[in-house]
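# Working through the structure, step by step
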Amino acid sequence: MRFILDCTLVFNKPLEGVDVRDILLKSSSVLEKGAPKGEGAKIESSKLEGDRLMLRITSGRHVRPHDAVFRMKNLLAAELGKKHHVGVREVRAEKYKIEFELEKEPKKKIDIAYAKKLEFKEKNCVLELENLDEEFLQRNYVDRMISLIQEKVDKQYYEGKEEHWELIWSSEEKKHAWDKDPSLEMEKRDWIMHRGRGQWIFGPIATKMMKTMEQIVVDELLKPLDVDEVVIPKAVTWDVWKKSGHAKNLYGEIYYLCPPQSRDPELWEEVIDVYKITGEVPTELVKERIKEPIGGMCYAQCPPFWPYLAGKMIAEESLPLKVFDRSGTSMRYESGGIHGIERVDEFHRIEFVWIGYPEQVERLHKEIVEHYKKIFNGILELEWRMAFVTPWFMAQEGMVGIADEEKKIGTIDFEAYMPYKGSREESEWLEFQNASNNGDKYPKGFNVKAQGGELYSGCTGIGLERWLAAFTAQKGLDPENWPKGFRKRLGELPGEIRFL
């Protein structure tokens, strides 16, 4: 690695008659501190003009110039403050050039924020920055940029790989009631209605079916495992996503949350007038009156629970901690991927989170899988399979093709065969459920500790739209074809709403 920083230290007054050469000569010991002998930072050139000292600082891997310049700032302030009552008011960097070698050669062009120039020659990278302020240098943004370039190159190699997928269990093949798209057929019967992008209204029959499935989850999974109900916010602020890791990658999938600048009626009078005159909401005027997003609507349901535990130590008697939430919808912008009730922007989900020592979390993960087996085999009688996949949180951060070989930390996907999509062998099965052991990701991210050792956590989200889609794709819409175990819990269906 090679770093070359052209920077300026601005004093609080001109250094008339002050000789800084002696200070610069003895700076070598300060700039080598903590580095192998002869491998610290060096001042290659200096020039004093009025209230400004221009320096060129170079280094290799150790004591990088963006650190060295602040060592110089402290040294100069100490030496000049005593004798001349002079302090360093500001640090600026006019130009910063960094050369380093990557582990892999980039496959295609890479861009990065703040870079004035970014060039590659095989594995060698040259990064040039200009006009950097003190905060940029002091907060190690430069080191983060170097890491980000490496991450972007690594991602190019991940993008060429399929997500890790390993089949671990499959039910027997079943004879299905039909091969029609259940969303289209339910829409024809007015059981459901498409309302806005990726959003559906569920009529009485479809709602009764989903509520029955919800109760099955409560009776067959949550009650047997003694899980307590909580209410988790569905508006998620940036501080949560920064700690959970979602802030790294998910901006194209978030529904953003922007508060108004004020409730003052005068601010909104023009908007109201335009609507009353034209009958149309003037969204451009609305945009002028809202603040920047403070976060977004719930994307993954468990992260906004973690602030409840953040910075705390959980007593041993409370472990394993088991909670679930079903208090509202999640929102996810699916772009062109929406289809029926299988892939929606607004969806209803029960989220079960468990937290404990590693062996407790691993044991609960296995128990949860067994409870799902009983539900899918014994009550819903689905044709389905399980696969060990890239952990969802790694996939969301762009790291596909990664999985724990011991299958302890990671995600198990539950996939249902959808007859209307084609043959079992060639069609895409619907991932309608998963269960994850997330390891120490969340306890570390939110600084949650245990009384007696390391903490892990797991989560499983039950998406009721996906359950309904998988069930009706295989069983059809005629209750006579539905399994007895489900019909018993369902009871009498409401009458269909008729339209003239």
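Owing to the predicted nature of the structure, the values given are computational and were not obtained by experimental measurement.

What counts and what doesn't
- Per chain, residues are indexed from 1 in the order of the written sequence.
- Residues qualify for local features only when their pLDDT is at least 70, as the model is predicted, and side-chain atom pairs are given and counted only at 80 or more; totals for whole chains, interfaces and linings, by contrast, use all residues.
- Only hydrogens and water are set aside when side-chain values are computed; all heavy atoms of the structure are taken into account.
- What is meant by a nonpolar core is a set of buried Ala, Val, Leu, Ile, Met, Phe, Trp, Tyr and Cys residues, joined one to another through side-chain atoms within 4.5 Å.
- The buried label applies to any residue whose accessible area, calculated with a 1.4 Å probe on protein chains only, is under 20% of its type's maximum; exposed applies above 50%, and partly exposed to all values in between.
- Secondary structure is summarised from DSSP: a helix means a run of H or I of at least four residues, a strand means a run of E of at least two, and numbering begins at the N terminus for each.
- The contact rule is simple, with two residues in contact once any of their heavy atoms fall within 4.5 Å.
- The pairing criterion is simple: DSSP has to find at least two bridges between the two strands.
- In this description, a line fitted to the C-alpha atoms serves as the axis of each element, helices being fitted only across the stretch in contact, and the angle between N-to-C directions of two axes falls anywhere from 0 to 180 degrees.
- Expected helix span is given by 1.5 Å per residue-to-residue step, counting one fewer step than there are residues.
- Grid spacing is 1 Å over the protein atoms alone, the probe is 1.4 Å, and a cavity is where that probe fits but cannot get out, while a pocket is an open set with protein on both sides within 12 Å along at least five of seven lines and lining residues have an atom within 4 Å of a point.
- Grid points are joined across faces, edges and corners, and a volume is the space filled by probe spheres set on the points.
- For this classification, the nonpolar set comprises Ala, Val, Leu, Ile, Met, Phe, Trp, Tyr, Cys and Pro, the charged set comprises Asp, Glu, Lys and Arg, and every other residue, Gly included, is treated as polar.

Residues Phe376, Leu380, Phe414, Phe432, Trp467 and Phe486 are the most contacted members of the largest nonpolar core, which totals 58 residues. Top contributing element to this core by residue count: helix 7 (residues 204-222), with 10 residues. Excluding residues within four positions of it along the chain, tryptophan 467 makes contact with Met213, Val217, Tyr372, Ile375, Phe376, Leu380, Phe432, Gln433 and Ile462. Core analysis: the next-biggest nonpolar cluster, separate from the first, contains 46 residues, Leu15, Leu55, Ala93 and Met145 among them.

As a further point, take the side chain of serine 457. Here serine 457 is to be found in strand 22 (residues 456-463). The exposure class assigned to serine 457 is buried, which follows from its relative accessible area of 1%. Discounting residues that sit within four places of it in the chain, serine 457 has contacts with Trp306, Trp354, Ile355, Val361, Asn437, Asn438, Gly439, Tyr442 and Pro443.

Before going further, it helps to examine the sheet that holds strand 1 (residues 2-11). Reading across from one edge, 2-3-1-4-6-5 is the order of the six strands in this open sheet, with antiparallel pairing throughout. Across the chains shown, the open sheet's two edge strands, defined by having one partner strand only, are strand 2 (42-49) and strand 5 (117-121). Adjacent strand axes in the sheet meet at a mean angle of 10° when their direction is disregarded. Two elements, strand 2 and strand 3 (residues 52-59), share seven bridges in a ladder whose sense is antiparallel. Bridge assignment links serine 46 to a residue of strand 3, and that residue is leucine 55. The sheet strands contacting helix 3 (residues 65-84) are strand 1, strand 2, strand 3 and strand 4 (88-101), and the helix crosses strand 1 at an angle near 30°.

Taking 1.5 Å per residue, 19 residues should reach 27 Å; helix 7 reaches 25 Å between its end C-alpha atoms and fits that length. Within the span of helix 7, buried status applies to Ile205, Ala206, Met209, Met210, Thr212, Met213, Glu214, Ile216, Val217, Val218, Leu221 and Leu222.

Here we come to empty space enclosed by the protein. As enumerated under the stated definition, the model contains two cavities of 30 Å³ or more in all. Its boundaries defined by the atoms lining it, the largest cavity holds a volume of some 40 Å³. Forming the walls of the largest cavity are Arg189, Asp190, Trp191, Gly203, Pro204, Ile205, Glu496 and Ile497. A breakdown of the residues in the lining of the largest cavity according to their chemical character gives four nonpolar, one polar and three charged. Estimates place the volume of the second largest cavity at around 30 Å³. Around the second largest cavity, the lining residues are Gln199, Trp200, Phe202, Val344, Glu346, His348 and Glu465. Considering only residue class, the lining of the second largest cavity consists of three nonpolar, two polar and two charged.

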